[in-house]
Amino acid sequence: MTPAIRCQSLTKAFNGTVAVAETDLEVAEGRLLALLGPSGCGKTTVLRMIAGFETPDRGTVEIGGRRVEGEGTHVPPERRKVGMVFQEYALFPHLDVEGNTGFGVPPGPEKAARVREVLDLVGLEGVRHRMPHELSGGQQQRVALARALAPRPEVILLDEPFSNLDAALRQRVRAEVRHILHQAGVSAVFVTHDQEEALSLADEVAVMIEGRVLQTGTPERLYRRPGSHRVATFLGEANFLPGRASGDQVECRLGPLPLLEPAEGEVEVMFRPEDLVMTADPDGPAEIVDRIYYGHDQTLVLRLGDLTLKSRLVGCCRGFREGQRVRLHVEMPVMAYPSPYGCPIAG
Ligand code: ATP
């Protein structure tokens, strides 16, 4: 099937400094892709090149199978069938909800019905005559989304769409936006630097660091099977320790562990703190040295010889306390990366 968006080898430099390098990206029809990366890694520049606000130095952009950028083509933004939702929403202050929503819809007999349909979809029928300043942050967000959806774009691009909302509202609005986009059946890309937001909202996540997309995949695949140390740490907390791999098994200080993907030789083993299970044992090789409490869960910091590891416990601490000795067991198969260590298992 033709992807809704396909970017190939997108490259852009500003004043000689490369902001985006050789970026490939594909969004399948009706899917929601998160472009996730730290501040300044080039996410917004990619979005602006898809929208046509920025011209790449090299590379191509296709929307719905149609070339809109590259190799002599430059379709202007207003003819790309792209809807944008900006961080600050950019609503027109002098237009009410209905006026904002209908702004990009061509005049005609169907305009009023289309505006009503979209307002119904985003749940704002009841406030259609209010002005932007009379709306909550979440409602303003939905008007911005309605305005982007109303002209029936092929794709929607959202730039840090939740960063203006407080933490409690953000959770709810995220779920609403995901639902609305799926209901509308529209393909979308949203930019975020928040890994939790990317994992919880997107169908696919592309991790971008220093101008390059390092890995793309479903949230679960990226979290469980990050392809490198950098992607692993960017997506959440991770334990790393040296090991020696042979096929689908790795030998390390926690014993032999099954591997998610086969590897050979000296490696760096990676697994998530929630996969490290502790058993109280006065003769255990590890000691609990710290406890970080988050409410819904907590992280126990462990010392195993010269290694520091983390174990995450959901709910109460189940009697574990600092200074206690424990045995350790890894519950899930682990990942292995080429070793950055000199001598793998010693210590
Ligand atoms: P943030 O999350 O902070 O918005 P980002 O990942 O979206 O960051 P970009 O805004 O794409 O990053 O910027 C990537 C790099 O390109 C940055 O170093 C930025 O300073 C630079 N840059 C972006 N736009 C321009 C411009 N118009 N002129 C010069 N440099 C620019």
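Notes on the structure in this doc start here. Note that this is a predicted model, so its numbers are computed, not measured.

## Examining the site of the ligand
No. 1: Inspection of the region around the ligand gives Phe14, Ala19, Pro38, Ser39, Gly40, Cys41, Gly42, Lys43, Thr44, Thr45 and Glu160 as its neighbouring residues.
No. 2: The separation between an oxygen atom of the ligand and a polar main-chain atom of Cys41 is 3.0 Å.
No. 3: One of the backbone N or O atoms of Gly42 is found 3.0 Å from an oxygen atom in the ligand.
No. 4: Within the complex, 56% of the 630 Å² of free accessible area of the ligand lies under protein.
No. 5: Sort the elements by how many residues they give to the shell around the ligand and helix α1 (residues 43-51) lands first, with 3 residues.

## Observations regarding the pattern of salt bridges
No. 1: Counted according to the given criterion, the structure contains 27 salt bridges.
No. 2: Close ionic contact of Glu62 with Arg6 constitutes a salt bridge, the shortest N to O distance being 3.8 Å. Note that Glu62 is positioned in strand β4 (residues 58-63) and Arg6 in strand β1 (residues 5-14), a separation of 56 residues in sequence.
No. 3: In this structure Arg6 comes out as partly exposed when scored by relative accessible area, which is 27%.
No. 4: For Arg80, the salt bridge is made with Glu69, and the minimal N-O distance between the two is 2.6 Å. Residue Arg80 is located in the loop between β6 (73-74) and β7 (82-85), and its partner Glu69 is located in strand β5 (residues 66-70); the two are separated by 11 residues in the primary sequence.

## Focus: the sheet that holds strand β8 (residues 155-159)
No. 1: Across the sheet, 6 strands lie side by side as β7-β8-β9-β3-β10-β11; this open sheet has mixed pairing. Whereas interior strands pair on both sides, the edge strands pair on one side only; in this sheet they are β7 and β11 (212-217). In this sheet, neighbouring strand axes are inclined to one another by 20° on average, regardless of whether the strands run parallel or antiparallel.
No. 2: The pairing of strand β3 (residues 32-36) with strand β10 (residues 204-209) spans 4 bridges and is parallel. Along β10, the bridge assignment pairs Leu33 with Glu204.

## Some words on the nonpolar core
No. 1: Among the nonpolar cores identified, the biggest contains 44 residues, and Leu145, Ile156, Leu158, Leu181, Val205 and Val207 are the most heavily contacted of them.
No. 2: No other element matches the 6 residues that helix α4 (residues 137-149) contributes to this core.
No. 3: By size, the runner-up hydrophobic cluster in this structure holds 28 residues, among which are Val46, Ile63, Met84 and Leu157.

## Topic: the side chain of Arg142
No. 1: Mapped onto the elements of the fold, Arg142 is located in helix α4.
No. 2: Separated by 2.9 Å, the side chain of Arg142 and the backbone oxygen of Val122 make a polar contact.
No. 3: Once residues lying within four places of it in the same chain are set aside, the contact partners of Arg142 are Val122, Gly123, Leu124, Arg172, Glu176 and Ile180.

## Focus on unusual backbone geometry
No. 1: Residues other than glycine seldom take positive phi values, yet Glu160 does so here, at roughly 45°.
No. 2: A positive phi is found at Glu210, a non-glycine position, where the angle reads about 50°.
No. 3: Of note, Glu210 is situated in the loop between β10 and β11.
No. 4: For Glu210, a relative accessible area of 60% translates into the label exposed.

## Some remarks on the environment of Asp96
No. 1: Structurally, the position occupied by Asp96 is in the loop between β7 and α2 (97-101).
No. 2: Residue classification places Asp96 among the buried residues on the basis of a relative accessible area of 19%.
No. 3: Taking the C-alpha atoms as reference, Asp96 lies 6.4 Å from Pro132; in sequence the two are 36 residues apart.
No. 4: A polar atom in the side chain of Asp96 sits 2.7 Å from the backbone nitrogen of Gly99.

## A word on helix α5 (residues 167-184)
No. 1: The terminal C-alpha atoms of α5, which comprises 18 residues, lie 26 Å apart, in line with the 26 Å expected from a rise of 1.5 Å per residue.
No. 2: Every buried residue of α5 is accounted for by Leu169, Val173, Arg174, Val177, Ile180 and Leu181. One face of α5 carries all of its buried residues, which in axial projection span an arc of 140°. Looking at α5, the residues exposed on the side facing more than 90 degrees away from the buried face are Ala168 and Gln183.
No. 3: Its buried side turned inward, α5 meets β3, α3 (111-121), α4, β8, β9 (187-192) and α6 (195-201).
No. 4: Trailing α5 by a residue or two, Gly185 shows a phi angle of about 70°, which is positive.

## Focus: the packing of aromatic side chains
No. 1: The tally for this structure, following the rule as stated, stands at 2 aromatic pairs.
No. 2: Relative to Phe103, the ring of Phe92 lies with its centre 4.3 Å away and its plane at 45°, an arrangement referred to as tilted. Residue Phe92 is located in the loop between β7 and α2, and its partner Phe103 is located in the loop between α2 and α3; the two are separated by 11 residues in the primary sequence.
No. 3: Overall, the relative accessible area of 23% leaves Phe92 in the partly exposed class.
No. 4: On the accessibility criterion, Phe103 (51% relative accessible area) is exposed.
No. 5: Ring centres of Phe162 and Phe190 lie 6.4 Å apart, and the angle between their planes is 80°; this geometry places the pair in the edge-to-face category. Of this pair, Phe162 sits in the loop between β8 and α5 while Phe190 sits in strand β9; the two residues are 28 residues apart in sequence, bridging distant segments of the chain. Both residues of the pair, Phe162 and Phe190, count as buried.
No. 6: The residue whose ring lies beneath Arg147 is Phe92, and the NZ or CZ to ring-centre distance is 5.0 Å.
No. 7: Of note, Arg272 hangs over the ring of Tyr223, and the distance from its end group to the ring centre comes to 4.1 Å.

Conventions and cut-offs
- Residues numbered from 1 in each chain as written.
- Predicted model: local features only at pLDDT ≥ 70, side-chain atom pairs only at ≥ 80, totals over all residues.
- Heavy atoms only, no water.
- Near = heavy atom within 4 Å.
- Polar contact = N/O pair within 3.5 Å; in protein donor to acceptor, adjacent residues only side chain to side chain.
- Areas by Shrake-Rupley, 256 points an atom, 1.4 Å probe, with all protein chains shown as cover.
- Helix = DSSP H or I, 4+ residues; strand = E, 2+ residues; numbered from the N terminus.
- Salt bridge = Lys/Arg side-chain N within 4 Å of Asp/Glu carboxyl O.
- Buried < 20%, exposed > 50% of the residue type's maximum accessible area, 1.4 Å probe, protein only.
- Pairing = 2+ DSSP bridges.
- Axes fitted to C-alpha atoms, helices over the stretch in contact; angles between N-to-C directions.
- Core = buried A, V, L, I, M, F, W, Y, C linked by side-chain atoms within 4.5 Å.
- Contact = heavy atoms within 4.5 Å.
- Expected span 1.5 Å × (residues − 1).
- Arc of directions from axis to C-beta.
- Phe/Tyr/Trp six-rings, centres within 6.5 Å; stacked < 30°, edge-to-face > 60°.
- Lys NZ or Arg CZ within 6 Å of the ring centre and 35° of its normal.

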